[in-house]
Amino acid sequence: MRSRWSYVYFAFYLLLGVVLLFLNNDLSKAVITLMNVIIVLVPLIGTIFGVMYYYNSQEFTELLLAQPIKRSSIFLGQYLGVALSLSMSLILGLGIPFVFYGLFESSAIWDFSLLLITGTFLTLIFTALAFNIALSNENKIKGFGYAILLWLFLAVIYDGLFLMTLILFEDYPLDKVSLIGTMLNPIDLSRTLILLKLDISALLGYTGAVFKQFFGTSFGLIVSFVMLTIWVVMPVLRIVFKSKKKDF
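None of these values were measured; they are calculated from a predicted model.

A.B. asks: I'd like a description of the overall build of the protein, backed by residues and values.
C.D. replies: If you tally the helices and strands in the protein, you get 10 helices and zero strands. Shown N-terminal to C-terminal, the secondary structure of the protein runs as helices and strands in the order α-α-α-α-α-α-α-α-α-α. On C-alpha atoms alone, the protein measures out to a radius of gyration of 19 Å, which is about the 18 Å that the 2.2 N^0.38 rule sets for 248 residues. Referenced to the eigenvectors of the C-alpha coordinate spread, the extents of the protein come out at roughly 60 × 50 × 30 Å.

Encoded structure:
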């Protein structure tokens with residue numbers, strides 16, 4: 001939390017919130033604009049911060065490993081330190097201007113809450129994935145390269161491949177495939193959850209109707225959050241496993 005980058009991140013979101021509310025008098029419209037920014041930017045910043053922090057604190061980590069401290073405590077502590085400080089910057093940075101603008105009296109409070117929850121999930125997921133990449137690669141350039149490639153794949157390339165698959169096999173019933181495909185990507189899953197909460201799924205056509213039928217229900221929402229939780233837990237477990245096996 002004492003890292004100046006956390007304050008830069010906080011200031012960026014604070015400024016973004018103030019500017020959006022200044023330009024948009026409608027809270028709901030501001031939430032839609034924020035969704036587009038958060039879905040892309042939060043995973044990127046989580047990935048870069050995670051990798052950067054790990055590599056910068058390598059010597060200090062080696063010093064800690066010489067002490068009678070459990071390895072899992074050291075690496076989970078580092079991961080939670082980065083992930084939680086980024087999450088706090090996001091929540092406070094966006095929360096403060098919206099609260100002052102009268103969020104609690106607005107109907108957009110639930111949409112905004114979901115936006116912050118999915119943003120926090122994405123921060124936890126991508127910071128954990130970044131730590132995994134850094135733990136697996138001693139070479140900094142390689143680690144940064146893989147981290148950016150991972151973000152690029154999940155944020156951009158995955159959607160392109162998914163869309164091509166749906167077009168190529170459009171003659172077949174792809175309802176379940178599209179649901180599974182969406183769940184296998186945390187960015188897509190977060191985007192779908194927010195879009196359906198904003199009730200603009202009509203713009204998505206037939207696929208929107210299918211998604212609304214599943215994600216729009218309480219069961220669908222629970223399954224989505226379970227999937228996002230799995231996306232957090234699996235990389236974190238690998239951090240613990242990898243740190244125990246790794247030779248420093």
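Okay, back to it.
A.B. asks: Before we move on, could you go through a nonpolar patch on the surface and cite the residues and values that matter?
C.D. replies: Taken together, the side chains of Tyr146, Leu149, Leu152, Phe153, Val156, Ile157, Leu161, Met164, Leu168, Phe169 and Tyr172 define a hydrophobic patch exposed on the protein surface, amounting to about 1100 Å² of accessible area. You can see Leu161 is positioned in helix H6 (residues 140-168).

A.B. asks: So, the packing of aromatic side chains: which residues are in play, and what are the values?
C.D. replies: Counted by the stated rule, this structure contains 11 aromatic pairs. Judged by centre distance (5.7 Å) and plane angle (75°), the ring pair of Tyr54 and Tyr55 falls under edge-to-face. Of the residues examined, Tyr54 reaches a relative accessible area of 1% and is grouped as buried. Centre to centre, the rings of Tyr54 and Phe131 are 6.2 Å apart; their planes meet at 75°, and the pair counts as edge-to-face.

A.B. asks: Got a sec to walk through the pattern of salt bridges? Specific residues and values, please.
C.D. replies: The full count for this structure, using the stated rule, is two salt bridges. One salt bridge connects Arg191 with Asp159, and the closest N-O pair in it is separated by 3.5 Å. Of this pair, Arg191 sits in helix H8 (residues 186-197) while Asp159 sits in helix H6, and the two are 32 residues apart along the sequence. In this structure Asp159 comes out as partly exposed when scored by relative accessible area, which is 23%. In this structure, the salt-bridge partner of Arg191 is Asp188, at a minimum N-O distance of 2.9 Å. In this pair, Arg191 and Asp188 are both assigned in helix H8, three residues apart and thus about one turn of the helix distant. Its relative accessible area of 6% is what places Asp188 among the buried residues. Residues joined in a network through salt bridges with shared partners are Asp159, Asp188 and Arg191.

A.B. asks: So, the nonpolar core: which residues are in play, and what are the values?
C.D. replies: A general tendency of soluble globular proteins is for nonpolar side chains to be buried together. If you look at the biggest cluster of nonpolar residues, it comprises 68 residues, and the most contacted ones within it are Tyr79, Phe98 and Phe112. With sequence-adjacent residues up to four places away left out, Phe112 is seen in contact with Val31, Leu34, Leu94, Gly95, Phe98 and Leu103.

A.B. asks: Please provide a residue-by-residue account of the UniProt feature "transmembrane region" (unreviewed entry) in the protein, values included.
C.D. replies: Using the residue numbers shown here, the UniProt feature "transmembrane region" (unreviewed entry) corresponds to residues 7-24, 30-55, 76-100, 112-135, 147-169 and 219-241. With 100% helix and 0% strand, residues 219-241 has its two end C-alpha atoms placed 32 Å apart.

A.B. asks: Tell me about the side chain of Ser178, and please be specific about residues and values.
C.D. replies: Tracing the sequence through the fold places Ser178 in helix H7 (residues 175-183). The class of Ser178 is buried, set by a relative accessible area of 5%. Each residue touching Ser178, except ones within four places of it in the same chain, is listed here: Phe162, Leu166 and Phe211.

A.B. asks: Break down the environment of Met227 for me, citing the residues and quoting the values.
C.D. replies: Within the secondary structure, Met227 is located in helix H10 (residues 218-245). Contact partners of Met227, with chain neighbours within four places excluded, come to Met183 and Leu189.

A.B. asks: Go over the side chain of Asp111 with me, naming the residues and quoting the values.
C.D. replies: In this structure, Asp111 sits in helix H5 (residues 109-136). Residue Asp111 is classed as buried on the basis of its relative accessible area, which comes to 12%. Aside from chain neighbours lying at most four places away, what touches Asp111 is Val31, Lys197 and Leu198.

A.B. asks: Which residues make up the environment of Phe49, and what are the values?
C.D. replies: Mapped onto the elements, Phe49 comes out in helix H2 (residues 27-56). For Phe49, a relative accessible area of 16% puts it in the buried group.

A.B. asks: Could you give an account of the packing of H5 against H10, with specific residues and numbers?
C.D. replies: At a minimum axis distance of 9 Å, the contact between H5 and H10 shows a crossing angle of 25°. By the angle class used here, H5 and H10 are roughly parallel. Taken as a pair, H5 and H10 cross one another with a handedness that is left-handed. For the pair H5 and H10, the contacting residues are Leu114, Ile117, Phe121, Leu124, Ile125, Ala128, Leu129, Phe131, Asn132, Leu135 and Ser136 in the first and Phe225, Leu228, Thr229, Trp231, Val232, Pro235, Val236, Arg238, Ile239 and Lys242 in the second. For the contact of H5 with H10, the residue count by class is 16 nonpolar, three polar and two charged.

Scoring rules and cut-offs
Numbers given to residues run from 1 along each chain, matching the order in which its sequence is written. With the structure being a predicted model, the display of local features is reserved for residues of pLDDT at least 70 and the display and counting of side-chain atom pairs for 80 or more, all residues being used for whole-chain, interface and lining totals. In computing side-chain properties, one takes all heavy atoms of the structure into account and sets aside hydrogens as well as water. Secondary structure elements follow DSSP: runs of H or I of four or more residues count as helices, runs of E of two or more count as strands, with numbering from the N terminus. A radius of gyration in this sense is built from C-alpha atoms; the matching globule rule multiplies 2.2 Å by the number of residues raised to 0.38. Residues forming no salt bridge and having over 30% relative accessible area are the ones grouped into patches, like charges within 9 Å of each other and nonpolar side chains (Val, Leu, Ile, Met, Phe, Trp, Tyr) within 5 Å. Only the protein chains shown count as cover for residues, and the accessible areas themselves come from Shrake-Rupley with a 1.4 Å probe. The term salt bridge refers to a pairing of a side-chain nitrogen on Lys or Arg with a carboxyl oxygen on Asp or Glu at a separation within 4 Å. Under the pairing criterion, centres of Phe, Tyr and Trp rings, with the six-membered ring standing for Trp, must be within 6.5 Å; the plane angle then separates stacked pairs below 30 degrees from edge-to-face pairs above 60, leaving the rest tilted. Burial status follows relative accessibility: with a 1.4 Å probe on protein chains alone, a residue under 20% of its type maximum counts as buried, one over 50% as exposed, and anything between as partly exposed. Residues enter a nonpolar core if they are buried and are Ala, Val, Leu, Ile, Met, Phe, Trp, Tyr or Cys, with the set joined through side-chain atoms within 4.5 Å. For this analysis, residues touch if any pair of their heavy atoms sits within 4.5 Å. UniProt positions are given in the numbering used here, feature names are shortened, and annotations may be inferred rather than shown by experiment. Angular values range over 0 to 180 degrees, each being the angle between N-to-C directions of two axes fitted as lines to C-alpha atoms, with helices fitted over their stretch in contact. Orientation is classified from the angle alone, with under 35 degrees giving roughly parallel, over 145 giving roughly antiparallel, 65 to 115 giving roughly perpendicular, and any other angle giving oblique. By definition, turning the near helix anticlockwise from the far helix through less than a right angle yields a left-handed crossing, and turning it clockwise yields a right-handed one. Note on residue categories: nonpolar means Ala, Val, Leu, Ile, Met, Phe, Trp, Tyr, Cys or Pro, charged means Asp, Glu, Lys or Arg, and polar means any other residue, Gly included.

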